[in-house]
Amino acid sequence: PGGSAGGERGGGDSSATPFAKRGRQGGETAEEDDLLIKFCVPSTNVGSIIGKGGVTVNDIMRQSQTKVHVSKPSEVFPGTRERVCTILGNGRGMESILVGLHLILTKIRAEDSTHEFQFKLIMPAQGCGAVIGKRGANIRAIIDETGAELKMSDKNQMSQTAPFRLITIFGTVDQQIRTVALCVLRATEESEYLRSIRGFNGTSAEHSHADYMQPLPDSFRGPEQFMHGNFGGFPGQSSAFTTFGLSPHLSSPLPELPRVLASLTSTCTLLVPNECVGCLIGKGGSTISSVMAQTGTKIKVSEREKVSREDQRSITISGPEPMVIRAFQLFCNILLENERSIRR
């Protein structure tokens with residue numbers, strides 16, 4: 001469940017942080033200009049933050065003297081199933097936020113048995129430009145200072161209604177904390193970071209994935225040359241998009257059993273000419289790994305000896321319906337770009 005509350009306010013001077021030294025932007029008042037950060041949290045890790053009956057989140061807020069809020073299950077970052085966690089400085093500046101973030105990341109890592117959690121800082125598009133800097137100068141300096149690795153989501157994949165990107169930060173918790181501080185510092189100094197991000201708490205899960213997708217060119221003949229399966233039309237998109245007509249959100253099978261949830265998995269199989277498979281897999285599997293990371297789907301490419309037709313191989317995509325559609329679209333875009341490069 002989503003939740004928020006105020007931590008205890010105490011004494012202390014936040015002027016030791018570099019954030020207090022900068023001037024206020026855009027005439028924002030001290031109350032309006034309170035610092036905050038937002039990041040993505042997979043549903044499987046939300047329990048580590050909230051705890052039973054909210055015990056954990058209340059303890060985090062008490063220790064860090066911040067406010068912590070996790071968006072509702074229906075509010076996710078566009079194009080993902082991940083909820084939005086906000087840490088608000090509560091008038092005590094970035095130091096308190098970083099204490100709260102350290103407690104959260106340490107807790108998640110301790111309880112993440114799959115070791116699949118990745119820390120993704122949400123950043124307004126304009127703020128990303130400030131973090132990158134001229135010719136990448138700022139982001140190189142951040143990497144050199146912290147020792148962390150950073151990956152910025154593609155600006156061309158931004159939602160049409162929520163202009164935010166994700167900065168995935170790899171490293172130890174301490175490296176991640178320092179990187180967050182430097183990224184937010186750059187963004188607040190050189191862009192209207194706070195004004196842009198304050199009101200964002202995710203978008204509707206039901207519309208998130210459709211909003212995140214870009215239509216294919218009308219000249220594209222559509223997926224019927226690659227795809228097998230029982231598909232219907234996808235409302236609001238070209239004929240190249242398909243759906244099983246399944247609900248994209250989790251649903252309770254019986255109202256009497258509110259704790260029992262069911263989700264439906266879709267499968268899409270593409271038949272791709274042998275000469276095109278390489279561009280979909282990428283060097284060392286980089287392309288197919290990127291598609292799986294962006295969509296959360298599982299993708300399997302048939303082995304050459306198991307191909308039913310000599311000149312084709314099958315690519316099977318499975319996962320939540322909106323993400324299968326998204327992965328299919330990404331593959332189609334890759335095939336289109338490959339075809340254009342050959343023609344050049």
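Conventions adopted
- Residues numbered from 1 in each chain as written.
- Predicted model: local features only at pLDDT ≥ 70, side-chain atom pairs only at ≥ 80, totals over all residues.
- Heavy atoms only, no water.
- Helix = DSSP H or I, 4+ residues; strand = E, 2+ residues; numbered from the N terminus.
- Buried < 20%, exposed > 50% of the residue type's maximum accessible area, 1.4 Å probe, protein only.
- Contact = heavy atoms within 4.5 Å.
- Areas by Shrake-Rupley, 256 points an atom, 1.4 Å probe, with all protein chains shown as cover.
- Salt bridge = Lys/Arg side-chain N within 4 Å of Asp/Glu carboxyl O.
- Polar contact = N/O pair within 3.5 Å; in protein donor to acceptor, adjacent residues only side chain to side chain.
- Disulfide = S-S within 2.5 Å.
- Phe/Tyr/Trp six-rings, centres within 6.5 Å; stacked < 30°, edge-to-face > 60°.
- pLDDT = per-residue confidence, 0-100.
- Axes fitted to C-alpha atoms, helices over the stretch in contact; angles between N-to-C directions.
- Parallel < 35°, antiparallel > 145°, perpendicular 65-115°, else oblique.
- Nonpolar A, V, L, I, M, F, W, Y, C, P; charged D, E, K, R; others polar.
- Expected span 1.5 Å × (residues − 1).

The next thing to look at is the overall build of the protein. Looking only at helices and strands, the protein features 11 helices and 14 strands. Looking at the protein as a whole, 46% of its 344 residues qualify as buried. Taking all contacts inside the protein whose residues are at least 6 apart in sequence as the whole, residues at least 24 apart take part in 71%. As displayed, the protein offers around 17,700 Å² of accessible surface, 51% of which is attributable to carbon and sulfur atoms.

Looking now at the pattern of salt bridges. Scanning all chains against the criterion turns up four salt bridges. Across the pair Lys107 and Glu111 runs a salt bridge, and its minimum N-O distance is 2.9 Å. Of this pair, Lys107 and Glu111 both sit in helix α3 (residues 93-111), four residues apart, which is roughly one turn of that helix. The class of Lys107 is partly exposed, set by a relative accessible area of 31%. As a salt-bridge pair, Glu190 and Arg186 come within 3.1 Å of each other at their nearest N and O atoms. Remark: Arg186 and Glu190 occur in helix α6 (residues 173-190); sequence separation between them is four residues, near one turn of the helix. Take Glu190: its relative accessible area is 44%, and that puts it in the partly exposed class. A relative accessible area of 28% means that Arg186 is categorised as partly exposed.

Moving on to the side chain of Ser64. Its place among the elements puts Ser64 in helix α2 (residues 55-64). Since its relative accessible area comes to 3%, Ser64 is described here as buried. At a separation of 2.7 Å, a polar atom in the side chain of Ser64 contacts the side chain of Thr66. Sequence-distant contacts of Ser64, that is, excluding residues within four places in its chain, are made with Ser96, Val99 and Gly100.

Glancing now at the state of the cysteines. A complete count under the given rule lists zero disulfides for this structure. With no disulfide of its own, Cys183 has Cys128 as its nearest cysteine by sulfur position, at a separation of 8.6 Å. Under the relative-accessibility criterion, Cys183 is labelled buried at 0%.

A word on unusual backbone geometry. The phi torsion at Gln65 lies on the positive side, around 55°, for a residue other than glycine. With respect to the secondary-structure elements, Gln65 resides in the loop between α2 and β2 (67-70). The backbone of Asn90 sits at a positive phi, close to 60°, despite the residue not being glycine. Residue placement: Asn90 occurs in the loop between β4 (83-88) and α3. Asn90 gets classed as buried once you look at its relative accessible area, which sits at 5%.

Right, let's get into the packing of aromatic side chains. Counting across every chain of the model gives three aromatic pairs. When the centroid spacing of 6.0 Å and the interplanar angle of 85° are considered together, the rings of Phe77 and Phe200 count as edge-to-face. A residue pair is termed long-range when its members are at least 10 positions apart, and Phe77 in the loop between β3 (75-76) and β4 and Phe200 in the loop between α7 (193-197) and β8 (203-204) qualify at 123 residues. The pair Phe77 / Phe200 is uniform in exposure class, with both members buried. Each residue in the set Phe77, Phe164 and Phe200 is aromatic and connected to the rest through ring pairs, giving one cluster.

For the protein, the average pLDDT comes to 76, and 70% of its residues sit at 70 or higher. Here residues 4-17 is modelled with pLDDT under 50, and outside its nearest four sequence neighbours on either side it reaches 33 contacts, counting other chains as well. Across residues 207-255, where pLDDT falls below 50, the model places 114 contacts with residues more than four positions away in sequence or in other chains.

This part is about the packing of helix α1 (residues 43-50) against α2. Put simply, α1 and α2 touch, their axes get as near as 5 Å, and they point 60° apart. What the angle tells us is that α1 and α2 run oblique. For the pair formed by α1 and α2, the contact residues are Ser48, Ile49 and Ile50 on the first element and Val55, Thr56, Val57 and Ile60 on the second. Across the contact of α1 with α2, the residue classes break down as five nonpolar, two polar and no charged.

Bringing the packing of helix α9 (residues 274-281) against helix α10 (residues 286-295) into the picture now. Two numbers describe how α9 lies on α10: the axes approach to 5 Å, and their chain directions differ by 60°. In terms of orientation, α9 lies oblique with respect to α10. On the side of α9, the interface is formed by Cys279, Leu280 and Ile281, while α10 contributes Ser286, Thr287 and Ile288. In the contact of α9 with α10, the residues fall into four nonpolar, two polar and no charged.

Here α3 contains 19 residues, and its C-alpha end-to-end distance of 28 Å stays within 8% of the 27 Å for a straight helix at 1.5 Å per residue. Residues Gly93, Met94, Ser96, Ile97, Leu98, Gly100, Leu101, Ile104, Leu105 and Ile108 constitute the buried set of α3.

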